[in-house]
Amino acid sequence: MLKSLLRSTLPLLLMMSSEPVLAQLDAGTIGKGVIIGTVIDASTNKPVQDVVVTATSPSLQGEQTVVTDAQGNYRIPQLPPGTYTLRFEMESFKPFTRPEVQLLLNRTIRVNVAMLPENFSSTDSIVGAPPTIDVGSSNHGVNVDQEFIRRIAVARPVGKGGAARNFESLAEGPPSNTSDSSGVGIGTSTPGGGYVVDGLSADAPAYGVNGSDRQRAPSWALPYMHVVVPDGTPQTVYRAPTPSAVPAPERTVAPKGQRFFDMYFKGYGVNPTVDTEEERFSTFSVDTDTASYSLTRAYLERGALPDEQAVRVEEFVNTFDYGYANAPDAPFSVNVEGFPSPARKGYQVVHIGVKARDVSRAQRKPGHLVFVIDVSGSMNMENRLGLVKRSLRLLVDALDERDWVSIVVYGSEARQVLPPTNATQKADILGAIDSLHSEGSTNAQAGMELGYALAASHLLKGGINRIILCSDGVANNGITEADGIWARVKEQAAAGITLSTVGFGMGNYNDVLMERLAQVGEGNYSYVDKLEEARRIFVQNLTGTLQVVAKDVKLQVEFDRKTVSRYRLIGYENRLLTKQQFNDDRVDAGEVGAGHAVTALYEVKLLDPSQTNFGTLRIRYKAPEGGSSRLIEKAMPVTLLRPAYEKAASPTRLSYVAAAFAEKLRGSYWARPLTYDALVSLWEELGTPLKTRQDVVELGELIRLAKKLDRREDRFESISPVRTMDADRVPTIK
């Protein structure tokens, strides 16, 4: 009713005075501007979804990229005043550019566009009235400045059915060189600890953002190609530095007081707290990757804090075994427990664990494993190619007569080192592994193409056909030049040849590429920082790593509005789905291997604990062969919420310690009340025998190590002191 009233009285308000309107602009526009609009098909006048809209301007560092939603709408927030050029790109449509878009301070303008199909013979046209002011939201709260808004990134699902506008959605991330569909930028850590804008260090005077500096910059520092992967996420690909004749030594220690450099990560923000009156459904795709945790361990053990964008909470949590039992007569077992949050007053931590059925070693399907190994100059280090070779030797010992192994390597060119060979021929396989040596640049495209061809020529029907890419993720020729690489990976996965990626090395490492390849290829992404991690992946978890028992697995929690007033999903920012996508079998989601578990944590504020249930958990999945999805539904009773942290089961407490550690490392606003000392105390309270398990002992050591290394100031303290934090919401502009 209030929104309708505002719309009806807006013309009158504009005629009376402009000042009240400006005082109530969308909080995301204070000190900045916003460009919004709708894109339609000129031939049908229907909205066009997944159009890539890119804004560039002399006043903008880099460029800002977003994607239109199902209604053809787009929104580009946090833009400095200036003259902009908008570029609209979509497959099967003619690209269109709208220059000379004037954006003033604290204004929102609308630019509507009609795109012409490729086969349409006419000229492009702009549809709609001249840009106008859009009032937006008028939320009220405490006074803060733009610095606070700049420092918080929020992730949320895109499109109809996503979380509605709430307090946290006002906190947009700063403009970046590239962005995902939520407006969250891709950053790169630099020697000065800052970020790279358009591939150029914001801290290095020699590589600024004006035209002359860009001309002097090396080719690897500039954006190489804009690509859109199958899920619609726009990304910018950079050339990797050309390897020198003598490779640089492995960076086992970061430069004093600085971060490891040439490490490419993508930030996804931090999930907001959602009011159940606005959206009671929380939906996401499962993720069983663990690379973020082992990457963080590699940083800490080398005396450096990880880049905040390298920390993915769900991968910390899913690294650990919580001892879930198998369901006797179902594909998944469900485990739920909660306790009062140690960090967020008035909230409960809800632990949700889902475990796939086990498959014994004897029941595992036969496999053809095609190893595609990067032997370029950047891999010529013991902690890279040397560790790859030692890891493969472990794997060979775990295979048997059912399995086949092939090896492809790529440097400047790709070549076959080992044709499909039965795993019983260990001498031949080990000899091929030992013969691997560094050569040339990095033609990953050629290596993957040869690997797929080899897998297809020896396809095991009904078996496991898996490409395993071992690399540092750097690709300085080939992978971005060939059209359709992402479609090719997706097509092969649909045909039964899946792709897993295993990362190696510190410095000159591309986490973004390795994670995305595995996600599109329906495989796993792991990072090997030591031989013990290789043993865990390739030996201890071999069956789960290779044999998928459920695909396109989605989880959805429907919170009961009578019981729960607010909630926040901790992690899974890059796996969020809308509630409509949960029931849409066309939407890809994550795969789960035999015996693998997926654990998610929520912060939940109860409204009425006397109710019977606080929510319903739904699991939607497909059989490994595909087909229609199936549904599992479980009620979550309030009786599963324990009265205190120490009353919860030890594994439940362990999941919280892992999640809270990740939240601290990534600088989450909500982890501020939890000090490292408090985190160590929570770890101490895990109790025996769990606390004596080797991986849990290591977690405690890493927390203590991070405490010694973390000299970051609380970036929010001067604006919102911890002692006066509102546990329900971040402050908004009054």
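The notes below deal with the structure included here. Quick caveat: nothing in here was measured; it's all calculated off a predicted structure. All residue numbers refer to position in the chain's written sequence, counted from 1. Note on the predicted model: pLDDT of at least 70 is required for a residue's local features to be given, and 80 or more for side-chain atom pairs to be given and counted; whole-chain, interface and lining totals, by contrast, use all residues. Hydrogens are left out, water is left out, and the side-chain values use all remaining heavy atoms of the structure.

Quick word on the overall build of the protein
Next, step 1: Secondary structure elements follow DSSP: runs of H or I of four or more residues count as helices, runs of E of two or more count as strands, with numbering from the N terminus. When helices and strands are counted, the protein shows 17 helices and 33 strands.
Next, step 2: Relative accessibility thresholds used throughout: buried, under 20% of the residue-type maximum; exposed, over 50%; partly exposed, between the two (1.4 Å probe, protein chains only). Residues counted as buried form 57% of the 734 residues belonging to the protein.
Next, step 3: Here, residues are in contact when the closest pair of their heavy atoms is within 4.5 Å. Residue pairs in contact within the protein that sit at least 24 positions apart in sequence constitute 76% of those at least 6 positions apart.
Next, step 4: Of the accessible surface of the protein, which amounts to about 29300 Å², a share of 52% is contributed by carbon and sulfur atoms. Computed with the Shrake-Rupley method and a 1.4 Å probe, the accessible areas treat only the protein chains shown as cover for residues.

Here's the deal with the sheet that holds strand β5 (residues 82–89)
Next, step 1: Any two strands with at least two DSSP-identified bridges between them are counted as paired. Ordered by their spatial adjacency, four strands build an open sheet running β3-β2-β5-β6, and the pairing between neighbours is antiparallel. Both outer strands of the open sheet, β3 (63–67) and β6 (96–103), are each paired with one neighbouring strand and no more. With direction set aside, neighbouring strand axes in the sheet form an average angle of 20 degrees.
Next, step 2: Where strand β2 (residues 52–56) and β5 come together, five bridges link them in antiparallel fashion. Working convention: axes come from line fits to C-alpha atoms, limited for helices to the stretch in contact. Angles between N-to-C directions cover 0 to 180 degrees.

Considering the packing of helix α15 (residues 650–665) against helix α16 (residues 676–684)
Axes are the key here: two packed helices are described by the angle between their axes and the distance separating the axes.
Next, step 1: Between α15 and α16, the shortest axis-to-axis distance is 10 Å and the interhelical angle comes to 165 degrees. With respect to their mutual orientation, α15 and α16 come out roughly antiparallel. Read as a crossing pair, α15 and α16 show a hand that is left-handed. Contacts between α15 and α16 pair Y656, V657, A660, F661, K664 and L665 from the former with Y676, L679, L682 and W683 from the latter.
Next, step 2: Residues are sorted three ways: Asp, Glu, Lys and Arg are charged, Ala, Val, Leu, Ile, Met, Phe, Trp, Tyr, Cys and Pro are nonpolar, and all the rest, Gly among them, are polar. The class makeup of the residues in the contact of α15 with α16 is nine nonpolar, no polar and one charged. Just so you know how the angles are binned, under 35 degrees is roughly parallel, over 145 roughly antiparallel, 65 to 115 roughly perpendicular, and the rest oblique. Take the far helix as your reference; a near helix turned counterclockwise from it by less than a right angle gives a left-handed crossing, and one turned clockwise gives a right-handed crossing.

Observations regarding the packing of aromatic side chains
Next, step 1: In summary, the pairing rule links any two rings of Phe, Tyr or Trp, Trp by its six-membered ring, whose centres are within 6.5 Å, and it sorts them by plane angle into stacked for under 30 degrees, edge-to-face for over 60 and tilted for everything else. Here the structure, examined in full by the defined rule, presents 17 aromatic pairs.
Next, step 2: Where Y322 meets Y324, the ring centres are 5.9 Å apart and the plane angle is 40 degrees; that geometry is what we call tilted. An identical accessibility class is assigned to Y322 and Y324; each is buried.
Next, step 3: Judged by centre distance (5.4 Å) and plane angle (75 degrees), the rings of F559 and Y602 are edge-to-face. Residue F559 is found in strand β27 (residues 548–559), and its partner Y602 is found in strand β31 (residues 597–606); the two are separated by 43 residues along the sequence. Just as F559 is buried, Y602 falls in that class too.
Next, step 4: Positioned above the aromatic ring of Y347 is the side chain of R344, whose terminal nitrogen or guanidinium carbon lies 4.1 Å from the ring centre.
Next, step 5: Against the face of W670 rests R344, its NZ or CZ located 3.7 Å from the ring centre. Placement of a charge over a ring requires the Lys NZ or Arg CZ to be within 6 Å of the ring centre, with the centre-to-atom vector within 35 degrees of the ring normal.

Side note on the nonpolar core
Side chains that are nonpolar tend, in soluble globular proteins, to be buried together.
Next, step 1: Working definition of a nonpolar core: buried Ala, Val, Leu, Ile, Met, Phe, Trp, Tyr and Cys residues. They are joined through side-chain atoms within 4.5 Å. By size, the foremost hydrophobic cluster in this structure holds 39 residues, and its most contacted members are L654, Y656, V657, F661, L665, L699 and I703.
Next, step 2: Contributions of two or more residues to this core are made by α5 (291–301), α6 (313–317), α15, α16 and α17 (694–709).
Next, step 3: Sorting elements by how many residues they give to this core places α15 first, with nine residues.
Next, step 4: Those residues in contact with L665 that sit more than four places away from it in its chain are T296, L305, P306, E308, V311, F316, Y676, A706 and R712.

Considerations on α15
Next, step 1: A helix is expected to span 1.5 Å for every residue after the first. Its 16 residues give α15 an end-to-end C-alpha distance of 23 Å, which sits within 8% of 22 Å, the value for a rise of 1.5 Å per residue.
Next, step 2: Most of α15 is tucked away, with 14 of its 16 residues classed as buried.
Next, step 3: Within two residues after α15, G667 carries a phi angle of roughly 70 degrees, on the positive side.

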